[in-house]
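Below are the chains, spelled out letter by letter.
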Amino acid sequence: MVADIKKIGVFTSGGDAPGMNAAIRAVVRASIYYKKEVYGIMRGYEGMIEGDIVKLGARSVGNIIQRGGTILKSARSQHFRTPEGRKQAFEQLKKHGIDALVAIGGDGTFTGLHLLHQEFNLPVVCIPGTIDNDIAGTDYTIGYDTATNTAVEAIDKIRDTALSHNRLFFVEVMGRHSGYIAINSGIAGGAGAIIIPEDGMSFEDLYAILKPGQETAKKSNVVVVAEGSKIGGALELARKVAERSSYFDIKVTILGHLQRGGAPTYFDRVLASKLGVAAVEGLLKGQTDVMVGIQKGEITYTPFDVFAKGTHAINEDDLRIAKILSI
Ligand code: F6P
């Protein structure tokens, strides 16, 4: 144990994700278990700069494991990107006696934490919390499972109405530059085609998949499109198919922020609980400037310089399976 850590600060930053509350709860309770004080920093780096910091106890995080969103709130801070902003943030941490940090968020959050560590030698550990599942060094990020289940539920519902009206639907899902939500919600939702940025599928390839429907009178179909698609989003693809053929009655649904809310699944709650405890234990054992993750079922600590340079690639097999099943 590293004895000189006395007060741990925890915060959430970037896009919220279901399961962040479960992670906050785990960080708070593990800190108290190891006899450390723990402070919640509100609104990510914005609250850090402003000194919006509250002491938390084991009971402050009761009844939140099942709640979506984040009780500590979140923000994307421009001010923190400047050296002055970071200095101000560090002064606030010093004022509260906070001598170590745990951040729950995505790659932008981690870059900020890395800078704080470099500039002020503060022990820091990151927990991956984003629906996008786009971070190297962990097989899963907190919130991805819930968001994908939400997308699957939506696709199932859309399929009902698509079938009833013989319509072709383009359903756009989130994921920023990553196709993880799209590929797996598409497989689970039985999509007729899945468009993700990692795949080289062209518009012509997509049209070639849809076109046989005209011969077989298969009018209803669901195409799942990742928001990061390189051949256009759901609206654009729908417009292009409509221009090419009047056979299909086409509709578009963009799921958007719906995927960020709701109660976390059991998977995300357990993942968040494990990573939260491991983050505190890692800090107390001297881990710093690392992200705690789960790889092949094991807890791992990956240095910032390693995971920041990597990408969380889509499993080639998933792509292959999706293509086999959508014939
Ligand atoms: O990173 C999570 C995410 O929901 C992405 O999937 C999406 O591209 C982005 O955040 C949306 O950001 P905002 O909530 O700021 O609109």
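Reading guide: rules and limits
- Residues numbered from 1 in each chain as written.
- Predicted model: local features only at pLDDT ≥ 70, side-chain atom pairs only at ≥ 80, totals over all residues.
- Heavy atoms only, no water.
- Axes fitted to C-alpha atoms, helices over the stretch in contact; angles between N-to-C directions.
- Helix = DSSP H or I, 4+ residues; strand = E, 2+ residues; numbered from the N terminus.
- Parallel < 35°, antiparallel > 145°, perpendicular 65-115°, else oblique.
- Left-handed = near helix turned anticlockwise from the far one by under 90°.
- Contact = heavy atoms within 4.5 Å.
- Nonpolar A, V, L, I, M, F, W, Y, C, P; charged D, E, K, R; others polar.
- Near = heavy atom within 4 Å.
- Polar contact = N/O pair within 3.5 Å; in protein donor to acceptor, adjacent residues only side chain to side chain.
- Areas by Shrake-Rupley, 256 points an atom, 1.4 Å probe, with all protein chains shown as cover.
- 1 Å grid on protein atoms, 1.4 Å probe; cavity = no way out; pocket = protein on both sides within 12 Å on 5 of 7 lines; lining within 4 Å.
- Sits in = over half its atoms within 2 Å of the grid points.
- Domains from an automatic or database assignment.
- Buried < 20%, exposed > 50% of the residue type's maximum accessible area, 1.4 Å probe, protein only.
- Arc of directions from axis to C-beta.
- Pairing = 2+ DSSP bridges.
- Buried area = accessible area lost by both parts, 1.4 Å probe.
- Salt bridge = Lys/Arg side-chain N within 4 Å of Asp/Glu carboxyl O.
- Right-handed = clockwise from strand over helix to strand, strands pointing away.

Where helix H7 (residues 203–210) contacts helix H9 (residues 234–244), the axes come no closer than 11 Å and their chain directions differ by 60°. Classified by the interaxial angle, the pair formed by H7 and H9 is oblique. In terms of crossing hand, the pair formed by H7 and H9 is right-handed. Seen from H7, the contacting residues are Phe203, Glu204, Leu206, Tyr207 and Leu210; seen from H9, they are Leu237, Lys240, Val241 and Arg244. Of the residues contributing to the contact of H7 with H9, the split by class is six nonpolar, no polar and three charged.

Glancing now at the site of the ligand. Around the ligand, the structure places Arg76, Thr130, Ile131, Asp132, Met174, Gly175, Arg176, Glu227, His257 and Arg260. Here an oxygen atom of the ligand sits 2.8 Å away from a polar atom, N or O, in the side chain of His257. Surface burial for the ligand is 76%, taken as the share of its 390 Å² of free accessible area covered by protein chains. With respect to the detected pockets, the ligand is housed in the largest pocket. The residue makeup of the shell around the ligand, split by class, is two nonpolar, three polar and five charged. Of the residues that make up the shell around the ligand, three or more belong to each of domain 1 (7–143 + 264–309) and domain 2 (145–261).

What follows deals with helix H12 (residues 316–325). Listed in full, the buried residues belonging to H12 are Asp318, Leu319 and Ala322. Within H12, the buried residues cover an arc of 100° as seen down the axis, which keeps them to one side. Where H12 starts, the residue carrying a side-chain oxygen 2.9 Å from the main-chain nitrogen of Asp317 turns out to be Asn315.

For the rest of this paragraph, the subject is the side chain of Asp318. Within the fold, Asp318 resides in helix H12. Excluding residues that lie within four positions of it along the chain, Asp318 makes contacts with Ile183, Asn184 and Ile187.

Now for the sheet that holds strand E9 (residues 249–254). Read across the sheet, four strands follow the order E7-E8-E6-E9 without closing on themselves; strand pairing throughout is parallel. Whereas interior strands pair on both sides, the edge strands pair on one side only; in this sheet they are strand E7 (193–195) and E9. Across the sheet, the mean angle separating the axes of adjacent strands is 20° when strand polarity is ignored. Direction of pairing for strand E6 (residues 167–173) relative to strand E8 (residues 221–226): parallel, over a ladder of six bridges. Opposite Val171, over in E8, you have Val224 as the bridge partner. Contacts between helix H6 (residues 180–188) and the sheet are confined to E6, E7 and E8, with E7 contributing the most and set at about 175° to the helix. Together, E6, E7, E8 and E9 form the strand contacts of H9, whose direction differs from that of E9 by roughly 175°.

By domain assignment, the chain separates into domain 1 (7–143 + 264–309) and domain 2 (145–261). Its C-alpha centre places domain 1 at a distance of 34 Å from the equivalent point of domain 2. Contacts between the two partners involve 14 residues from domain 1, matched on the other side by 13 residues from domain 2. With both sides pooled, the region where domain 1 packs onto domain 2 buries about 1100 Å², and carbon together with sulfur makes up 50% of that total. The interface formed by domain 1 and domain 2 includes two salt bridges. Asp16 serves as the salt-bridge partner of Arg260, at 2.6 Å between the closest nitrogen and oxygen. Its residues assigned to classes, the side of domain 1 that touches domain 2 comprises five nonpolar, four polar and five charged.

Moving on to the pairing of strand E4 (residues 100–105). Within E4, six of the six residues are buried, leaving the element largely enclosed by the surrounding structure. Of the strand pairs in this sheet, E4 and strand E5 (residues 124–128) are connected by five bridges, and their pairing is parallel. Residue Ala103 lies in a different strand from E5, and its bridge partner there is Cys126. Following the backbone out of E4, through helix H4 (residues 107–120) and into the adjacent parallel E5, one traces a crossover that is right-handed.

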